[in-house]
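Results of the structural survey
Now for the letters of each chain:
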Amino acid sequence: MFMNLIFDRPMVMGILNVTPDSFSDGGRFTELDSALAHVEQMLKDGVDIVDVGGESTRPGAMAVSEQDEIERVAPLVEAISHRFDVSVSVDTSKAGVMRAAVAAGADMLNDVRALQEEGALLAAAELGVPVCLMHMQGEPRSMQIKPQYDDVTEDVLRFLRGRVDACQAVGIARDKLLIDPGFGFGKSLSHNLTLLRELARFKSLGLPLLVGVSRKSMIGAVLDKPIEQRLYGSLAAASLALWQGANIIRVHDVAATKDIVKLCQAVLGVGLLD
Ligand code: 8Y7
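Below, the structure is looked at part by part. Quantities reported herein were computed from a predicted structural model and do not represent experimental measurements.

Comments concerning the site of the ligand
The immediate surroundings of the ligand are formed by Thr57, Asp91, Asn110, Val112, Cys132, Met134, Asp180, Phe185, Leu210, Gly212, Lys216 and Arg250. In this structure, Asn110 approaches the ligand through a side-chain N or O atom, which is 2.7 Å from a nitrogen atom. Compared with its free state, where it exposes 410 Å², the ligand has 90% of that area covered by protein.

What about the side chain of Asn192?
Locating Asn192 in the fold gives a position in helix H6 (residues 189-197). Those residues in contact with Asn192 that lie beyond four places of it in its chain are Phe183, Gly184, Lys187 and Met218.

Description of the packing of helix H5 (residues 152-169) against H6
The geometry of H5 relative to H6 is characterised by a closest axis approach of 9 Å and an angle of 75° between their N-to-C directions. By the angle between their axes, H5 is roughly perpendicular relative to H6. For the pair H5 and H6, contact is made by Val152, Thr153 and Val156 and by His191, Thr194 and Leu195, respectively. When the residues that make up the contact of H5 with H6 are grouped by side-chain class, the tally is three nonpolar, three polar and no charged.

So, the side chain of Arg113
Along the chain, Arg113 turns up in the loop between strand S4 (108-111) and helix H4 (120-127). Here the side chain of Arg113 touches Ser93 through a polar contact of 2.7 Å, side chain to side chain.

Structural notes on the environment of His191
Of note, His191 is situated in helix H6. Residue class for His191 comes out buried when judged on its relative accessible area of 13%. Remark: the alpha-carbon pair of His191 and Ala238, spanning 47 residues in sequence, is separated by 17 Å. When sequence neighbours within four positions are dropped, the list of residues in contact with His191 reads Pro147, Gln148, Tyr149 and Val152.

About the thresholds
Residues numbered from 1 in each chain as written. Predicted model: local features only at pLDDT ≥ 70, side-chain atom pairs only at ≥ 80, totals over all residues. Heavy atoms only, no water. Near = heavy atom within 4 Å. Polar contact = N/O pair within 3.5 Å; in protein donor to acceptor, adjacent residues only side chain to side chain. Areas by Shrake-Rupley, 256 points an atom, 1.4 Å probe, with all protein chains shown as cover. Helix = DSSP H or I, 4+ residues; strand = E, 2+ residues; numbered from the N terminus. Contact = heavy atoms within 4.5 Å. Axes fitted to C-alpha atoms, helices over the stretch in contact; angles between N-to-C directions. Parallel < 35°, antiparallel > 145°, perpendicular 65-115°, else oblique. Nonpolar A, V, L, I, M, F, W, Y, C, P; charged D, E, K, R; others polar. Buried < 20%, exposed > 50% of the residue type's maximum accessible area, 1.4 Å probe, protein only.

Fair warning: the whole summary comes from geometry, so function is off the table for now.
Structure (structure tokens):
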């Protein structure tokens, strides 16, 4: 289903969170049902890719077992890919989840650990689907404690170049890769703002660029606003990213983002990848 990574226009990736339900049996059906209703709404709003995640990677979050993650993600991926004509991305770092997700119909992998977990490189190479390599300093549990860089953009670029090389070394074709500087993942406010200001430098890798800033703390810190009041700030940040060549914007608010993508696209015209 995935359009073989032709980025002639910027795309919107809608975030679908699979929240674990405290009700063991009864909860499952409503959980799946409300997730599918959310996908349906995102499709009406013009979403291009739905990103399904079974592990919380929010700052301070705890790890989830592979089995739990598979049980959360696989049935949902299967239901979405059977029911809807949309590309499905799975947000995971675990080789077993990657295999189960692609078997269930996932079109793309989104790994905040850039395939550094045991067996992940090999799994991605075997599965042959596109993979987004994201930069993170540290682990979610502790990454915001004291992030440090010599030159944040240069350091993140060097890391991503290294991961692209590691992928190519195990036979993952370059045209299957996307990169993402990982806003908010082991970065201070000033690191995040610098990365956004210098985002165009990531185009030097010649790979599609994915950006996720939706409702993140960097927006909250600048505006001094809680999560539910960060939409306008998120749209401004997404516009700045699009202006510098971002190819996919990962967001909660699909309809609003679709408007600014169209606007940016109209101003930029063709040639968004270079
Ligand atoms: C990102 C992400 C999250 C991001 C990519 C949140 C899973 C935190 N952020 N994946 N995931 N890029 N590629 O606030 O920025 O959505 S989770």
